[in-house]
Amino acid sequence: MKRIALMTSGGDAPGMNACVRAIVKTALHYDIIPVGIYDGFQGMIEKRGFEMTYQDVDNIIYRGGTILGTARSAEFRTLEGRKKAIEYLQELKIDGLIVVGGDGTFSGATELGHEMNIPIIGIPGTIDNDIFGTDHTIGFDTALNTVVEAIDKIRDTASSHHRVFFIEVMGRDAGFIALYAALASGAESVLIPEELTNIESLVQEIRTHNTGRRSSIVIVAEGDDGGGAKEILDKVKPFLPEFDLRHSVLGHIQRGGNPSALDRIIATRMGSYAVELLMKGESNVMVGVYGENLNTCSIDQGIKEHASPELSKLELLKKLRTQ
Ligand code: F6P
């Protein structure tokens, strides 16, 4: 293993920089040349790689986003696009590739692996936490904290004005951010894709927990089957004429900001481990963190076995809501 390429891809996630730093420093420590590729697979097609040094990763551990940039590349999904990427990796004499991203990134990397004989290690980096094979994906903890901070602020105004707020959070088709944020913020209701939404019971819930209090927080996962926060508000409105309802979509604020200590730590551990796995001759595996330990599963499994939050957390929320 003399030269490894690394890239971040898909939606950026806080902690990706900490991971890039760990990959680069570990590689240099073992006398391997790390080659960073800008803007994910698109940058690979456009031949935008560069040899990285210690200076490139100085003071980036605390920064959100990714210094390597990221993209969702349509061209890479074509055979023609992938051919260009493969030619470039061959030109750079790359012996192994580390990709940091979500399931879209892993699917792209797997295809590349099939078409080119190169060892690939995946590191789960997405705020959605929807990757099988790991307790945490890089970025989830920071996004969760951002969401909880925003909800705390909205609760101040909700309770002052006696309003019911529907707050939409990200997560694509998984309810991790919504459910964990609901628990951490003491939200009264949460709607997640993993459970069918019943508007009648939601109306009932809002009535029940507003007896004498008249303010509450309903967190809506963007992928919920009942729709986003605005749609849910419109659906319940005719049944709750006595309530003052508002909605708020938190949006991309959830993807930015300095990574939390937990995200920095898991990103650092995963990044360094990925280099060592390549050195051991491993390929097509994804790094995961289980409790205190680092582990691996096949990238294929990481993609196919979609992760879902444990529904016992939802039961707990319901228990706490009982008046
Ligand atoms: O996968 C991360 C994520 O932030 C999802 O939660 C969200 O659905 C999506 O990316 C938004 O993507 P974009 O930034 O391309 O609009």
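Rules behind the numbers
Sequence order sets the numbering: in each chain, residues are counted from 1 along the sequence as written. pLDDT decides what is reported in this predicted model: residues at 70 or higher carry local features, side-chain atom pairs at 80 or more are listed and counted, and totals for whole chains, interfaces and linings draw on all residues regardless. Excluded from the side-chain calculations are hydrogens and water; all other atoms, namely the structure's heavy atoms, are used. Think of a salt bridge as a Lys or Arg side-chain nitrogen and an Asp or Glu carboxyl oxygen that are within 4 Å of each other. Strands here are runs of E lasting at least two residues and helices are runs of H or I lasting at least four, both read from the DSSP assignment and numbered beginning at the N terminus. For every residue, the accessible area obtained with a 1.4 Å probe (protein chains only) is divided by the maximum for its type, and the residue is called buried under 20%, exposed over 50%, and partly exposed between those limits. Patch criteria: residues need more than 30% relative accessible area and no salt bridge. Like-charged residues are merged within 9 Å; nonpolar side chains of Val, Leu, Ile, Met, Phe, Trp and Tyr are merged within 5 Å. All accessibility values rest on the Shrake-Rupley procedure with a 1.4 Å probe; residue burial counts only the protein chains present in the view. By convention in this text, a residue qualifies as near a molecule or strand provided that one of its non-hydrogen atoms is within 4 Å of it. We call two N or O atoms a polar contact when they sit within 3.5 Å, provided that within protein one can donate a hydrogen and the other can accept it, with sequence-adjacent residues counted only if both atoms are side-chain atoms. The residue classification treats Ala, Val, Leu, Ile, Met, Phe, Trp, Tyr, Cys and Pro as nonpolar and Asp, Glu, Lys and Arg as charged. All others, Gly included, are polar.

### So, the pattern of salt bridges
- Under the defined criterion, the tally for this structure stands at 18 salt bridges.
- In this structure, the salt-bridge partner of Arg 82 is Glu 111, at a minimum N-O distance of 3.2 Å. Of this pair, Arg 82 sits in helix α3 (residues 79-91) while Glu 111 is found in helix α4 (residues 103-115), placing the two residues 29 residues apart along the sequence.
- Judged by relative accessible area, which is 5%, Arg 82 ranks as buried.
- The salt bridge partner of Lys 230 is Asp 234, with a shortest N-O separation of 2.8 Å. Linking Lys 230 with Asp 234, this pair stays in helix α8 (residues 229-236), spanning 4 residues, or about one helical turn.
- Residue Lys 230 is classed as partly exposed on the basis of its relative accessible area of 42%.
- Each of Asp 39, Glu 46 and Arg 48 takes part in salt bridges that share partners, so that together they form one network.

### Quick look at a nonpolar patch on the surface
- Side chains of Met 1, Tyr 30 and Met 279 sit close together on the surface and give an oily, nonpolar patch of about 260 Å² of accessible area.
- Locating Tyr 30 in the fold gives a position in the loop between α1 (16-29) and β2 (33-37).

### Regarding the site of the ligand
- Surveying the vicinity of the ligand reveals the residues Arg 72, Thr 126, Ile 127, Asp 128, Met 170, Gly 171, Arg 172, Glu 222, His 252 and Arg 255.
- Taking Arg 72, its side chain carries an N or O atom lying 3.0 Å from an oxygen atom of the ligand.
- Isolated, the ligand exposes 400 Å² of accessible area, and the fraction of that covered by the protein chains is 74%.
- Residue composition of the shell around the ligand, by class: 2 nonpolar, 3 polar and 5 charged.

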